[in-house]
Amino acid sequence: MRLRLALGALLMTAAFAVSSAEAQDKKALAFVVNGASDFWKLAEAGVKKAQEELPNYDLQFKYPEQAAAAVQQRLMDDLVAAGVSAIMVSAVDPKTSTEALNRVGGQVPLFTTDSDAPDTNRIAYIGSSNTDAGKQAGEIAIKAMPDGGKCIGFVGLPGADNARERIEGMKAALQGSKVELIDVRGDDIDQTRAKRNVEDALAANPDIDCMVGFYSYNTPRIYEVLKEAGKLGSITIVAFDEDPITLGGVREGSIAATVVQQPYEWGYQGMKLMAKYLEGDKSVVPADELIIVPTKIIDKANVDAFETELKARIAGK
């Protein structure tokens, strides 16, 4: 009996050693986001789907402890030190992080998503055209306010390319119309500050016609404040992304429409892109180094079908 138990323990130890060795042999690919937000659940679902199709890789999804460039940089440095083979990142502040991003990109292949860093040595960007998304937001505002109006916008990281390009895109679409974007307030991805920004803007501009949530969580904070103030439905709301509160507001008509991205595809296609690149297939990177995943407008007419698809993807179906 003792011999049998010893033999069983030896076999288990050997099996564990083999599985550990196999795990160490797998190349690790990391997807690093810019901060904690429910928005990233879809990208995480895309990474999980890619993991099913890339069994020889270890796919990791990483959140920095806070939305700060220095914190995100430490996370990437730790990943490089741990032996990760490639990184895809939504840079918190690419304009001030060029040197740090180049340091990472000099050690492992670096790809960007969500917010590009074109002045770095990143291999390619996969994500939305934030300029086009901003233009779609402008189209929503013009359609919702044919007689014109003034809008105030809210965003997490004003210095990030995704924020700047959305704002510029919206302003471009509004040129020649009677709708104006008169102000944009940043919150550094701080939920408390995001809500306070809306409260302060409403107090300072009680007759404002429109509010724009440029990041996924901004519109829910707008919705909450306007509901508490009894102004839900009297102020036009233009949204980005697919937070449940946002989709509920679109369905009930209190939010004009939302411009949605496809973060699931960033995670899914991004991981497969990095794997092919590491395997030597450089043809996956286009000449302009941009892989654009289109955005689309979700309004009352198509919100139910969109939400059904959304839930299925998060559930891994």
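Residues numbered from 1 in each chain as written. Predicted model: local features only at pLDDT ≥ 70, side-chain atom pairs only at ≥ 80, totals over all residues. Heavy atoms only, no water.

**Brief notes about the side chain of Ser 115**
And then number 1: Residue position: Ser 115 is located in the loop between β4 (110-113) and β5 (125-127).
And then number 2: Look at Ser 115 and you get buried, because its relative accessible area is 1%.
And then number 3: Polar side-chain contacts of Ser 115 include one of 3.3 Å to the backbone nitrogen of Asn 162.
And then number 4: If we skip the residues at most four places from it in the chain, Ser 115 touches Val 89, Ser 90, Ala 91, Pro 94, Tyr 125, Ala 160, Asp 161 and Asn 162. (Helix = DSSP H or I, 4+ residues; strand = E, 2+ residues; numbered from the N terminus. Buried < 20%, exposed > 50% of the residue type's maximum accessible area, 1.4 Å probe, protein only. Polar contact = N/O pair within 3.5 Å; in protein donor to acceptor, adjacent residues only side chain to side chain. Contact = heavy atoms within 4.5 Å.)

**A closer look at the pattern of salt bridges**
And then number 1: For the coordinates displayed, the defined rule picks out 18 salt bridges.
And then number 2: Where Arg 164 meets Asp 161, a salt bridge forms, and the shortest distance between an N and an O atom there is 3.3 Å. In this pair, Arg 164 and Asp 161 are both assigned in helix α6 (residues 161-174), three residues apart and thus about one turn of the helix distant.
And then number 3: Take Arg 164: its relative accessible area is 29%, and that puts it in the partly exposed class. (Salt bridge = Lys/Arg side-chain N within 4 Å of Asp/Glu carboxyl O.)

**Some remarks on the nonpolar core**
Note on soluble globular proteins: their nonpolar side chains tend to be buried together.
And then number 1: Among the nonpolar cores identified, the biggest contains 54 residues, and Leu 29, Phe 31, Trp 40, Leu 59, Phe 111, Met 211 and Met 271 are the most heavily contacted of them.
And then number 2: Ranked by the residues each element gives to this core, the list is headed by helix α10 (residues 263-278), at eight residues.
And then number 3: Apart from residues lying up to four places away in sequence, Phe 111 is in contact with Ile 87, Met 88, Val 89, Ile 123, Ala 124, Leu 273, Met 274 and Tyr 277. (Core = buried A, V, L, I, M, F, W, Y, C linked by side-chain atoms within 4.5 Å.)

**Re the side chain of Glu 242**
And then number 1: Here Glu 242 lies in the loop between β9 (236-240) and α9 (244-252).
And then number 2: For the buried Glu 242, no salt bridge exists, and the shortest N-O distance to an oppositely charged side chain is 9.0 Å, to Lys 296.
And then number 3: Discounting chain neighbours no more than four positions away, the residues touching Glu 242 are Phe 39, Leu 42, Leu 247, Val 260, Gln 261, Pro 263, Phe 306 and Leu 310. (Lys, Arg positive; Asp, Glu negative; His and termini not counted.)

**Here's the deal with the layout of surface pockets**
Over the atoms rolls a probe the size of a water molecule, and in doing so it shows where empty space is left.
And then number 1: Roughly 320 Å³ of internal volume is contained in the largest pocket.
And then number 2: Sorting the residues of the lining of the largest pocket by element identifies α2 (41-53) and α11 (303-314) as the ones contributing at least two each.
And then number 3: Counting residues per element, the lining of the largest pocket draws most heavily on α11, which supplies four residues.
And then number 4: Counted by class, the lining of the largest pocket contains seven nonpolar, three polar and seven charged residues. (1 Å grid on protein atoms, 1.4 Å probe; cavity = no way out; pocket = protein on both sides within 12 Å on 5 of 7 lines; lining within 4 Å. Points joined across faces, edges and corners; volume = space filled by probe spheres on them. Nonpolar A, V, L, I, M, F, W, Y, C, P; charged D, E, K, R; others polar.)

**Observations regarding the packing of aromatic side chains**
And then number 1: Throughout the structure, instances matching the rule amount to ten aromatic pairs.
And then number 2: With 5.6 Å between their ring centres and 85° between their planes, Phe 111 and Tyr 277 make a pair best called edge-to-face. Of this pair, Phe 111 sits in strand β4 while Tyr 277 sits in helix α10, and the two are 166 residues apart along the sequence. For the pair Phe 111 and Tyr 277, one class covers both residues: buried.
And then number 3: Positioned above the aromatic ring of Tyr 277 is the side chain of Lys 282, whose terminal nitrogen or guanidinium carbon lies 4.6 Å from the ring centre. (Phe/Tyr/Trp six-rings, centres within 6.5 Å; stacked < 30°, edge-to-face > 60°. Lys NZ or Arg CZ within 6 Å of the ring centre and 35° of its normal.)

**Points about the sheet that holds β5**
And then number 1: Spatially, the six strands line up as an open sheet ordered β2-β1-β3-β4-β5-β11, and their pairing is parallel. Edge strands, defined here as strands with exactly one partner in the open sheet, are β2 (57-62) and β11 (290-292). For this sheet, the mean inter-axis angle between neighbouring strands, taken without regard to orientation, is 20°.
And then number 2: Where β5 and β11 come together, three bridges link them in parallel fashion. Opposite Gly 127, over in β11, you have Ile 292 as the bridge partner. (Pairing = 2+ DSSP bridges. Axes fitted to C-alpha atoms, helices over the stretch in contact; angles between N-to-C directions.)

**Thoughts on helix α4 (residues 98-105)**
And then number 1: Every buried residue of α4 is listed here: Ala 100, Leu 101, Val 104 and Gly 105. An end-on view of α4 places all buried positions within 135° of arc, on one side of the element. (Arc of directions from axis to C-beta.)

**Describing unusual backbone geometry**
And then number 1: If you check the backbone angles, Asp 188 has positive phi at about 55° while not being a glycine.
And then number 2: Despite not being glycine, Asp 241 has its phi angle at roughly 75°, a positive value.
And then number 3: If you trace the backbone, Asp 241 turns up in the loop between β9 and α9.
And then number 4: Asp 241 gets classed as buried once you look at its relative accessible area, which sits at 2%.

**With respect to the sheet that holds strand β7 (residues 179-186)**
And then number 1: Strand order in this open sheet of six strands is β7-β6-β8-β9-β10-β12, and the pairing throughout is mixed. Of all the strands in the sheet, just β7 and β12 (296-298) have a single pairing partner and so form its edges. Mean inter-strand twist for the sheet, computed between neighbouring axes without regard to direction, equals 20°.
And then number 2: As paired elements, strand β10 (residues 257-260) and β12 share three bridges and run antiparallel to each other. By the bridge assignment for β12, Thr 258 is matched with Ile 298.
And then number 3: Packed onto the sheet, helix α5 (residues 130-144) meets β7, β9, β10 and β12 and runs at close to 160° relative to β9.
And then number 4: Helix α7 (residues 191-204) contacts β6 (149-155), β7 and β8 (210-213) of the sheet and is inclined by roughly 135° relative to β7.

Read these as geometric descriptors, not functional statements.
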